[in-house]
Structures are given as structure tokens and as C-alpha cells.
Amino acid sequence: MTTLDRAVEVDGDKLMAFVFRAVDEVGAALNAALVVMGDKLGLYRALADGGPQSPAACALAPEQAVAFTDPESPAYLPGFFQLALGAVIDSPRITEVARSGAGLGWHEHVHDVHDGCERFFRPGYNANLLAAWLPALDGVVEKLERGARVADVGCGHGSSTILMGERFPRSRFVGSDYHAGSIETARRRAAEAGVEEQVRFAVEPAAAYSGDGYDLVTMFDCLHDMGDPVGAARHVRSTLAPDGTWMIVEPQAGDRTEDNFNPVGRAYYAFSTLLCTPASLSQEVGLALGAQAGEARIRDVVEAGGFTRFRRVAETPFNLVFEARP
């Protein structure tokens with residue numbers, strides 16, 4: 001047995017168990033960098049293709065091949081690791097701004113944060129947006145098929161906007177984001193996808209995007225990052241058609257802290273500390289909802305913005321999907 005200065009006994013076995021748990025945590029942090037290295041060097045793709053290898057055991061199992069090499073699969077993981085590594089790379093700057101509470105804007109992060117975020121969320125959008133989320137909204141798919149006006153706010157690289165534009169050619173979509181670099185990427189990808197006729201992008205903040213009379217406004221994994229989500233909600237309300245719909249996609253989270261004591265909650269609390277909360281604090285108001293806001297707090301924001309109807313319409317292991325109506 002060892003003792004602390006205040007003569008509290010310490011169980012040596014429990015101490016070493018904690019130490020080895022910490023070693024495991026350090027190994028996990030370092031492994032994120034190794035996964036990103038393997039992804040960028042194309043090593044997983046080479047293993048999945050079954051090219052020359054030393055021991056046969058080096059070959060990826062089919063499940064691992066899907067998770068590490070198939071960007072169309074909702075289980076695709078490299079973007080998750082890339083996002084985590086980018087957050088860690090930026091952690092010294094995040095630590096410094098935390099001393100003053102000033103925050104760190106999304107535009108101030110390294111490229112791995114922007115690229116990793118889009119690569120992580122895009123497979124989930126591809127798998128769920130058209131098949132489940134939009135159909136769960138009251139009458140929205142029918143409007144989109146006939147021809148609707150849609151604002152995709154906080155669109156980032158434009159994955160969600162382009163996906164909807166490809167599926168609903170009679171509708172017109174405007175993707176907006178305050179980050180000019182992301183909008184530049186979105187415009188390039190829209191051109192590559194051949195949807196420039198129905199999709200355009202603009203550099204605009206969430207609380208002041210242009211246009212009105214929208215049949216649908218969407219926000220994908222961004223409301224909690226905003227400095228003034230209530231102000232953004234009011235603006236959405238003012239730009240919707242009288243029978244319009246606001247679809248809000250947020251990180252999966254329970255209302256109670258203990259509801260989030262699981263692997264997804266653990267990762268999201270870390271991202272919330274390193275990315276989401278600093279992003280909100282860098283803006284006016286700085287409400288700092290964080291990535292684990294939960295349904296009750298999102299409802300409060302929506303109702304404070306002037307909406308009278310709010311309901312959860314869908315969920316996945318990583319996301320909650322809400323419908324708000326005037």
C-alpha cells in the first residue's frame with residue numbers, strides 16, 4: 001500500500017488498473033493519427049484490393065474493408081478519425097482561448113477538421129436523408145417532387161444540398177454557410193455533380209441568410225454550433241412560407257447527462273469541448289449549446305424562435321431529426 005500526503009490509503013492494484021486504463025487512452029489517441037495516416041496513404045484500399053502482402057493475415061476482414069474503404073457505407077470511419085485528429089491538432093489554440101472564454105471559430109480550424117467532419121457525416125446523410133428523414137416530414141417529399149424552394153443553412157461542403165438537388169430536380173436549393181472556404185468547395189462539387197441548375201451556394205450567416213417564402217429550411221449538425229441559435233430560429237421563422245417546415249438534424253443525445261454515458265456520447269462530449277462550444281463562444285451571444293444539447297434544449301430554442309409545433313421524427317445512432325412548424 002502507498003499513501004498520499006493526507007494519509008489516505010491507496011490500493012496499489014486499483015492504482016495500476018487506472019494507470020493501464022490511461023495507457024489505453026493514450027494508445028487510442030495515437031491510433032487516430034495512425035488510421036488517418038493509413039487512409040491518406042491508401043493502405044486500407046490496397047489491403048482490401050488484395051494486392052501483394054507479406055502474411056496473409058494482413059488482409060482486411062470484409063467488415064473492416066467496408067468501414068475503412070467504402071465511402072458510401074454509413075459505417076465508413078476514416079472521416080471520424082480525421083475529425084478527431086484535427087481537433088487534437090488544434091487543441092493548443094483551443095486551450096488558450098478557453099482561458100478567456102473567447103472561443104475559436106469554425107473557419108479557424110485546420111483542414112482536417114473541415115474535411116473530416118464532412119467525410120464523417122456525409123455517409124449518414126446518404127443513407128438516411130432521402131430514404132427516411134425527408135419522408136418522415138409531413139408532406140415535404142410531395143412538395144419537393146412538385147417543385148419547392150429550399151434553404152440548406154450551415155451547409156458546409158454542400159453534401160446535403162447536392163444530395164437533395166440530385167433527387168428533386170424540380171425544386172431549387174440554396175446552401176449557405178458563413179465559412180467561405182466551405183462554400184468554395186460546395187460550388188465545385190455542385191459543378192462536378194451537374195446540379196448547378198437547381199443548386200446554388202452563398203456565403204451567409206445563419207441568422208441573416210437571404211430569401212423568403214421557403215417551403216423547407218434544413219440545418220444539418222450545425223444549430224448547436226451557432227452563437228445565437230435562438231436568433232437563427234427567429235430568422236428561419238421569418239423566411240418560411242406559412243405552411244413551411246424546418247428540419248433540424250442534431251447529434252444523438254439524451255436530455256440527462258447520464259443518458260449519454262455511452263461510446264457515442266463520449267466522443268460527442270469531446271468534440272463538443274474541442275469544436276462545438278468554442279465555435280459558439282466565438283460568436284455573438286455565445287449560448288454554447290454543445291453537441292449534447294438533447295431534445296429538450298433544442299425544443300426550447302425552437303419555441304423561443306416563434307415555432308408552435310415541434311416533434312422528433314427520426315433518429316440514428318449518431319443523429320436526432322426534428323420537425324418544426326410555424
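Structure: see above.
As the structure is a computational prediction, the values presented were derived from the model and not from experiment.

Conventions used here
- Residues numbered from 1 in each chain as written.
- Predicted model: local features only at pLDDT ≥ 70, side-chain atom pairs only at ≥ 80, totals over all residues.
- Heavy atoms only, no water.
- Axes fitted to C-alpha atoms, helices over the stretch in contact; angles between N-to-C directions.
- Helix = DSSP H or I, 4+ residues; strand = E, 2+ residues; numbered from the N terminus.
- Left-handed = near helix turned anticlockwise from the far one by under 90°.
- Contact = heavy atoms within 4.5 Å.
- Nonpolar A, V, L, I, M, F, W, Y, C, P; charged D, E, K, R; others polar.
- Core = buried A, V, L, I, M, F, W, Y, C linked by side-chain atoms within 4.5 Å.
- Buried < 20%, exposed > 50% of the residue type's maximum accessible area, 1.4 Å probe, protein only.
- Pairing = 2+ DSSP bridges.
- 1 Å grid on protein atoms, 1.4 Å probe; cavity = no way out; pocket = protein on both sides within 12 Å on 5 of 7 lines; lining within 4 Å.
- Points joined across faces, edges and corners; volume = space filled by probe spheres on them.
- Salt bridge = Lys/Arg side-chain N within 4 Å of Asp/Glu carboxyl O.

A. Main features of the packing of helix α6 (residues 111-136) against helix α8 (residues 159-167). Remark: α6 packs on α8, axes separated minimally by 9 Å, with the N-to-C direction vectors making an angle of 35°. Two packed elements cross with a definite hand, and for α6 against α8 that hand is right-handed. Between α6 and α8, the residues in contact are Glu118, Arg122, Tyr125, Asn126, Leu129, Leu130 and Leu134 and Ser159, Ser160, Leu163, Met164 and Arg167, respectively. Class assignment of the residues belonging to the contact of α6 with α8 gives a composition of 6 nonpolar, 3 polar and 3 charged.

B. Seen up close, the nonpolar core. Ranked by size, the top nonpolar core spans 43 residues in total, and within it Trp133, Leu134, Leu144 and Met247 carry the most contacts. In this structure Trp133 touches Gly124, Tyr125, Asn128, Phe220, Met247, Val249, Ala314, Thr316, Asn319 and Val321, once residues within four positions along its chain are discounted. With 28 residues, the next largest nonpolar core counts Val153, Ala206, Trp246 and Phe307 among its residues.

C. Just the sheet that holds strand β7 (residues 240-251), in detail. Strand order in the open sheet formed by 7 strands is β5-β4-β3-β6-β7-β9-β8, and the pairing between neighbours is mixed. Strand pairing shows two members of the sheet lacking a second neighbour, β5 (199-203) and β8 (309-315), which therefore form its edges. Neighbouring strand axes in the sheet, compared pairwise and without regard to direction, differ in orientation by 20° on average. Note: strand β3 (residues 149-153) against strand β6 (residues 214-220), 4 bridges, orientation parallel. Bridge assignment links Asp152 to a residue of β6, and that residue is Thr218.

D. Region of the structure containing the layout of surface pockets. Considering only enclosed or pocket space, the largest pocket measures out at about 960 Å³ in volume. Where the lining of the largest pocket is concerned, the elements lending two or more residues are α6, β3, α8 and α11 (263-281). It is α6 that contributes the most residues to the lining of the largest pocket, 7 residues altogether. Looking at side-chain class alone, the lining of the largest pocket contains 25 nonpolar, 13 polar and 9 charged residues. If you go around the second largest pocket, you meet 20 residues; those closest to its centre are Ala28, Ala29, Ala84, Arg266 and Ala267. Counting residues per element, the ones that place at least two in the lining of the second largest pocket are α1 (12-40), α4 (78-89) and α11. Per-element tally for the lining of the second largest pocket: the top contributor is α11, with 7 residues. Looking at the lining of the second largest pocket, its residues break down into 16 nonpolar, 1 polar and 3 charged.

E. Quick peek at the pattern of salt bridges. Applying the stated criterion to the full structure yields 16 salt bridges. A salt bridge links Arg266 to Glu25; the nearest nitrogen and oxygen atoms lie 2.3 Å apart. On the criterion of sequence distance, the pair formed by Arg266 in helix α11 and Glu25 in helix α1 is long-range, its members being 241 residues apart. With a closest N to O distance of 3.1 Å, Arg167 and Glu145 form a salt bridge. Of the two residues, Arg167 sits in helix α8 while Glu145 sits in helix α7 (residues 140-146), which places them 22 residues apart along the sequence.

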